Amino acid sequence: MRKKVLVIHPSDKSTTFLNIIYEKHLSDKNWTIVNNCNISKQELKDLIEAHDKVIMMGHGTPYGLINPQKGGFLVDPTFVPYLKEKETISIWCHSNMFFERFGMKGFHTGMIISEVAEADFVLDKTPLNKKETLENMIMFSKALRDCISKTPNQMRKHVLDNYVGEDEVTQYNRANIIVLDKNGKRV
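We now turn to the structure provided with this report.

Before going further, it helps to examine the sheet that holds strand 1 (residues 5–8). Reading across from one edge, 2-1-3-7-8-9 is the order of the six strands in this open sheet, with mixed pairing throughout. If you trace the sheet from one side to the other, it starts and ends with strand 2 (31–34) and strand 9 (177–180), each paired once. Looking at each pair of strands side by side, their axes are set apart by 15 degrees on average, direction ignored. Judged from the four bridges that link them, strand 8 (residues 106–109) and strand 9 form a sheet pairing that is antiparallel. Across the sheet, the residue bridging to glycine 106 is leucine 180, located in strand 9. Sheet strands in contact with helix 2 (residues 41–49) are strand 1, strand 2 and strand 3 (53–57), and its direction is about 150 degrees off that of strand 1. Against the sheet, helix 7 (residues 152–162) contacts strand 7 (87–91), strand 8 and strand 9, and its axis sits at roughly 165 degrees relative to strand 9.

Below, the structure is given as structure tokens:
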């Protein structure tokens, strides 16, 4: 039986490059895509319960996935009981800290530079211009798309093998591809 996959990717112009990860699954009946920022927390929790794998992406903090339309968080600590036994993939800044704090497994990211302003803040310089940063994120998203059905360790290996570059942004982002074991410890 094929796994049921839920993608939570709140609509936000600044993260449309992440659509690459799931766009080929838009018509797949086993995949549910949630871009609606107005969905209620209970509706989202019910959807999580009905799926085997949950992929969450966008902007976030160690406290959850941000809701860019309404402010606050779309996914926050109240979701932990619903996510605890699921296969999880989270692609938002510092998502690893969210999952580590609650001892949860999966493929997660630390801080990821996806905008020039983030590079300036994190690296204290802008090694890539806006166009180059977008191209960098497209390369990152394509690497993830091509391994999204694999195990977290296989995903990390695939991303590190295919998301390559000598620039500081790529090197920084590669260092923030994180796999957590069933106790939320780094593998």
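Here we take up the environment of isoleucine 112. Mapped onto the elements of the fold, isoleucine 112 is located in the loop between strand 8 and helix 5 (116–123). On a C-alpha basis, the gap between isoleucine 112 and asparagine 136 in space is 11 Å, while along the polypeptide they are 24 residues apart. Residues in contact with isoleucine 112, not counting those within four places in the same chain, are Cys93, Glu118, Met137, Asn173, Asn176 and Ile177.

What counts, and at which threshold
- Residues numbered from 1 in each chain as written.
- Predicted model: local features only at pLDDT ≥ 70, side-chain atom pairs only at ≥ 80, totals over all residues.
- Heavy atoms only, no water.
- Pairing = 2+ DSSP bridges.
- Helix = DSSP H or I, 4+ residues; strand = E, 2+ residues; numbered from the N terminus.
- Axes fitted to C-alpha atoms, helices over the stretch in contact; angles between N-to-C directions.
- Contact = heavy atoms within 4.5 Å.

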